[in-house]
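# Close look at the chain arrangement
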Amino acid sequence: MKRFKKLLIPLIAAVTLVLAAGCVEAANTTKAAKQGTFKQTSASVNAAKVGWTALFKETAKEKIQCYKLVWGRSKGSLTGSSGNLTAKTNSYTITGLDSNSSYYAQLSCLVLDDKMNTTTYTKEVTLYTVPGKVTGFTSYDFLYTQKGLEIGWDEVPGTNPVTYQYEIYNTSGALLKSGSKSANALFMASYKYYKQVTRLRVRATYRTPGGTVLQGEWSKTKSLVPQPILKKSAKKYMIDDNGKLKLAWTRVTGASKYRVYCSTSPNSGYKKIATVKQKKTNLITVTPKKTFKKNTDYYIRVVTVTKKDGKSIKRICMPIWRNIS
């Protein structure tokens, strides 16, 4: 009897050490959990938070020992692990993920009974990260009519198909137009606000299969400064008999001044010949003090200049013929 007691005491101590060690890695049985919840609770660009309720209802003889979370790009490619988590843990934030991407995650719950048998209960979920921020725009164009708009922006990285939301504001901050595009570009053959300086911002969004919309951060605003549209009239706006240029254009709301450029070539060689301040009248005329040569073609461009939004591009030019007087 004494010898039996001597053998029993070390055995009890060994069992106590196993229980005290925390979560047992190996399990005798693995089952899909029929109770409890496991879901994504929040997302950011490079992280996803998950939460859960107990995957097993404890009894006097069966107790939850620990939880463990693993994840990866797919079920067959699990590259991340939380390690053992206590039985009281009910949430975990997975970091270091790629933006605008999907991941597979599995939660395991280890249960130990009074006979030292272990059973693992599992649940799985697909995780999603938020699209990144749009960081760059292409050059914009008001088209050859000067009454349209075309502009593009950098695609956000990631594997999920995004939609781009855009908003256009005036210089006072009032929203003028909004919408969404599946492509990373905006094209309008007819742009209502071609006579004023506007500001564009864009963000990427992704709708998960479950209907949750993940919205990326808004880009910085991109200023859209239109080039003024020159009035065309061979009798009114031309180089007169005295060799002086007469021009007119419709004012651009938000402009502080305009710069007039001239060249004998349509695509190069432009030199500034005048600067005109913004006026309250809709029509602006200028007669620079410069004599133009007779029997020569000239090309005129006018650039809008603002105090905060930069200036328009030198795109559209108007040819003017200097007759022999």
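Residues numbered from 1 in each chain as written. Predicted model: local features only at pLDDT ≥ 70, side-chain atom pairs only at ≥ 80, totals over all residues. Heavy atoms only, no water.

## Notes on the sheet that holds strand β2 (residues 38–43)
Strand order in this open sheet of 3 strands is β2-β3-β6, and the pairing throughout is antiparallel. If you trace the sheet from one side to the other, it starts and ends with β2 and β6 (91–94), each paired once. With strand direction ignored, the average angle separating the axes of adjacent strands in the sheet is 25°. Relative to strand β3 (residues 48–52), β2 is paired through 5 bridges, and the arrangement is antiparallel. Paired with Gln 40 across the strands is Val 50, a residue of β3. (Pairing = 2+ DSSP bridges. Helix = DSSP H or I, 4+ residues; strand = E, 2+ residues; numbered from the N terminus. Axes fitted to C-alpha atoms, helices over the stretch in contact; angles between N-to-C directions.)

## Examining empty space enclosed by the protein
A full pass over the atoms with the stated rule returns 2 cavities of 30 Å³ or more. By volume, the largest cavity is sized at about 70 Å³. The residue inventory of the lining of the largest cavity, partitioned by class, reads 7 nonpolar, 3 polar and 2 charged. In this structure, the second largest cavity is lined by Tyr 194, Lys 195, Gln 227, Pro 228, Ile 229, Thr 250, Arg 251 and Val 252. When its residues are assigned to classes, the lining of the second largest cavity shows 4 nonpolar, 2 polar and 2 charged. (1 Å grid on protein atoms, 1.4 Å probe; cavity = no way out; pocket = protein on both sides within 12 Å on 5 of 7 lines; lining within 4 Å. Points joined across faces, edges and corners; volume = space filled by probe spheres on them. Nonpolar A, V, L, I, M, F, W, Y, C, P; charged D, E, K, R; others polar.)

## Quick look at the pattern of salt bridges
Using the criterion set out here, one finds 6 salt bridges in the structure. With a shortest N-O distance of 2.6 Å, Asp 98 and Arg 73 are connected by a salt bridge. You can see Asp 98 sitting in the loop between β6 and β7 (102–113) and its partner Arg 73 sitting in strand β4 (residues 62–74), a full 25 residues away along the chain. One salt bridge connects Glu 217 with Lys 133, and the closest N-O pair in it is separated by 3.6 Å. Taken as a pair, Glu 217 in the loop between β14 (213–215) and β15 (222–224) and Lys 133 in the loop between β8 (118–128) and β9 (149–152) lie far apart in primary sequence, 84 residues in all. Under the relative-accessibility criterion, Glu 217 is labelled exposed at 52%. (Salt bridge = Lys/Arg side-chain N within 4 Å of Asp/Glu carboxyl O. Buried < 20%, exposed > 50% of the residue type's maximum accessible area, 1.4 Å probe, protein only.)

## With respect to the sheet that holds strand β1 (residues 29–32)
Paired through backbone hydrogen bonds, the strands of a sheet run either parallel or antiparallel to each other. Ordered in space as β1-β8-β7-β4-β5, the 5 strands form an open sheet in which the pairing is mixed. In this open sheet, the two strands that pair with only one neighbour each are β1 and β5 (77–85). Pairs of neighbouring strands in the sheet enclose a mean axial angle of 25°, with direction left out of account. Note: β1 against β8, 4 bridges, orientation parallel. In the sheet register, Thr 29 faces β8, and the bridge partner there is Thr 119.

## Considerations on the nonpolar core
With 46 residues, the main nonpolar core has Tyr 191, Leu 247, Trp 249 and Ile 300 as its most contacted residues. Examining the composition of this core, we find that 4 residues originate from one element, strand β13 (residues 198–207), more than from any other. When sequence neighbours within four positions are dropped, the list of residues in contact with Tyr 191 reads Phe 142, Lys 147, Gly 148, Leu 149, Ile 168, Thr 198 and Leu 224. Among the nonpolar cores identified, the runner-up in size contains 22 residues, and Ala 33, Trp 52, Trp 71 and Cys 109 belong to it. (Core = buried A, V, L, I, M, F, W, Y, C linked by side-chain atoms within 4.5 Å. Contact = heavy atoms within 4.5 Å.)

## Concerning the pairing of β3
In terms of burial, β3 is a largely internal element, 4 of the 5 residues being buried. Hairpin connection, β2 to β3: the antiparallel pair is bridged by 4 residues. Of the strand pairs in this sheet, β3 and β6 are connected by 4 bridges, and their pairing is antiparallel. Among the inter-strand pairings, Ala 48 is bridged to a residue of β6, identified as Ile 94.

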